[in-house]
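Results of the structural survey
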Amino acid sequence: MTDHTFTVSLPSEGAEVPVLRVAGDLDYHTAPRLREALDALPLASGGGAVLDVTELNYCDSTGITVLIAGYRRAQAAQSRIVLAGLNPDLTRVFEITGLDQVFAFHPTADEAVKSLGER
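Because the structure is a prediction, the values reported are computed rather than measured.

**Some remarks on the overall build of the protein chain**
From N to C terminus, the protein chain includes four helices and five strands. Ordered by position from the N terminus, the helices and strands of the protein chain form the series β-β-α-β-α-β-α-β-α. The C-alpha radius of gyration computed for the protein chain amounts to 13 Å, which stays within 12% of the reference 14 Å derived for 119 residues, consistent with globular compactness. The C-alpha extent of the protein chain, read off along each of the three principal axes, is 45 × 30 × 25 Å.

**Concerning the packing of aromatic side chains**
Inspection of every chain in the model, using the stated rule, returns two aromatic pairs. On the numbers, 5.7 Å between centres and 70 degrees between planes, the contact of Y71 with F103 is edge-to-face. Here Y71 is found in helix α2 (residues 61–76), whereas its partner F103 is found in the loop between α3 (88–97) and β5 (105–106), with 32 residues between them in sequence. Accessibility expressed as a relative area gives 24% for Y71, which makes it partly exposed.

**Some thoughts on the UniProt feature "domain: STAS" (unreviewed entry) in the protein chain**
In this numbering, the UniProt entry assigns the feature "domain: STAS" (unreviewed entry) to residues 19–116. The distance from the first to the last C-alpha atom of residues 19–116 is 11 Å, and the span holds 45% helix and 28% strand.

**Thoughts on the pattern of salt bridges**
The full count for this structure, using the stated rule, is one salt bridge. Where D52 meets R21, a salt bridge forms, and the shortest distance between an N and an O atom there is 3.6 Å. Highlighted residues: D52 in strand β3 (residues 48–59) and R21 in strand β2 (residues 19–26), separated in sequence by 31 residues.

**With respect to the environment of S45**
Looking at where S45 falls in the secondary structure, it is placed in the loop between α1 (31–40) and β3. A relative accessible area of 53% places S45 in the exposed class. A sequence separation of 35 residues divides S45 from R80, and the C-alpha atoms of the two residues are 8.7 Å apart. When near neighbours in sequence (up to four residues on either side) are disregarded, S45 contacts A77 and Q78. Among the polar contacts made by the side chain of S45, one reaches the side chain of Q78 at a distance of 3.2 Å.

**Observations concerning the nonpolar core**
Within the largest apolar cluster, 26 residues are counted, with the highest numbers of intra-cluster contacts made by L34, L51, L56 and C59. At the level of elements, β2, α1, β3, α2, β4 (80–84) and α3 are the ones that each hand at least two residues to this core. Looking at which element gives the most residues to this core, the answer is β3, with five residues. When sequence neighbours within four positions are dropped, the list of residues in contact with L51 reads L20, V22, L34, L67, I81, V82, L83 and A84. Counting eight residues, the second-largest nonpolar core is a separate cluster that includes V50, A84, A109 and A112.

**Here we look at the environment of A104**
Here A104 is to be found in the loop between α3 and β5. As for A104 and P42, which are separated by 62 residues in sequence, their C-alpha atoms are 19 Å apart. Contacts of A104, omitting those with residues within four sequence positions, involve R80, V82 and L83.

Criteria and cut-off values
- Per-chain numbering applies: the sequence of each chain, read as written, is numbered from 1 onward.
- Confidence filtering applies because this is a predicted model: local features only for residues at pLDDT of at least 70, side-chain atom pairs given and counted only at 80 or more, and all residues used for totals across whole chains, interfaces and linings.
- Remark: hydrogens and water are excluded; side-chain values derive from all non-hydrogen atoms of the structure.
- In this description a helix means any DSSP run of H or I spanning at least four residues, a strand means any run of E spanning at least two, and both kinds are numbered starting from the N terminus.
- For a compact globule the rule gives 2.2 Å times the number of residues to the power 0.38, and the radius of gyration it is set against comes from C-alpha atoms.
- Here a pair means two rings of Phe, Tyr or Trp (six-membered ring of Trp) with centres within 6.5 Å. Their orientation is stacked below 30 degrees between planes, edge-to-face above 60, and tilted elsewhere.
- Think of it in three bands: with a 1.4 Å probe and only protein chains considered, a residue is buried below 20% of the maximum accessible area for its type, exposed above 50%, and partly exposed in between.
- UniProt positions are given in the numbering used here, feature names are shortened, and annotations may be inferred rather than shown by experiment.
- We count a salt bridge whenever a side-chain nitrogen from Lys or Arg sits within 4 Å of a carboxyl oxygen from Asp or Glu.
- When checking whether two residues touch, look at their non-hydrogen atoms; a contact exists if any pair is within 4.5 Å.
- Throughout this description, a polar contact denotes any pair of N or O atoms lying within 3.5 Å of each other; where both atoms belong to protein, one of them has to be capable of donating a hydrogen while the other can accept it, and for residues adjacent in sequence the pair is counted only when both atoms sit in side chains.
- What we call a nonpolar core is a set of buried Ala, Val, Leu, Ile, Met, Phe, Trp, Tyr and Cys residues that are connected through their side-chain atoms within 4.5 Å.

This is the structure in structure tokens:
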């Protein structure tokens with residue numbers, strides 16, 4: 001049996017820049033949890049949110065689809081979602097799929113938050 005361990009930590013209430021932390025394996029079985037969390041993110045015009053994937057081990061095509069949907073929702077709100085903490089394997093997947101042209105990547109969540117504040 002495959003272990004589909006996946007967690008989503010919601011941002012602190014009232015945070016100026018929401019940081020959503022994900023950990024584990026993002027796949028067909030776990031993607032609905034991320035979709036729900038992304039749909040609940042407060043996205044203000046001119047603002048943004050950080051998706052901290054430092055502890056994300058794996059992302060399949062279903063996970064990528066959820067990320068793109070989150071990106072589109074942010075774009076519609078004239079907001080941004082940036083990614084923080086991609087490991088080398090995920091960076092490669094995102095480069096192959098062209099998501100490195102869609103999302104801004106930052107080494108840490110703190111740097112990602114700072115980048116959104118500099119906009």
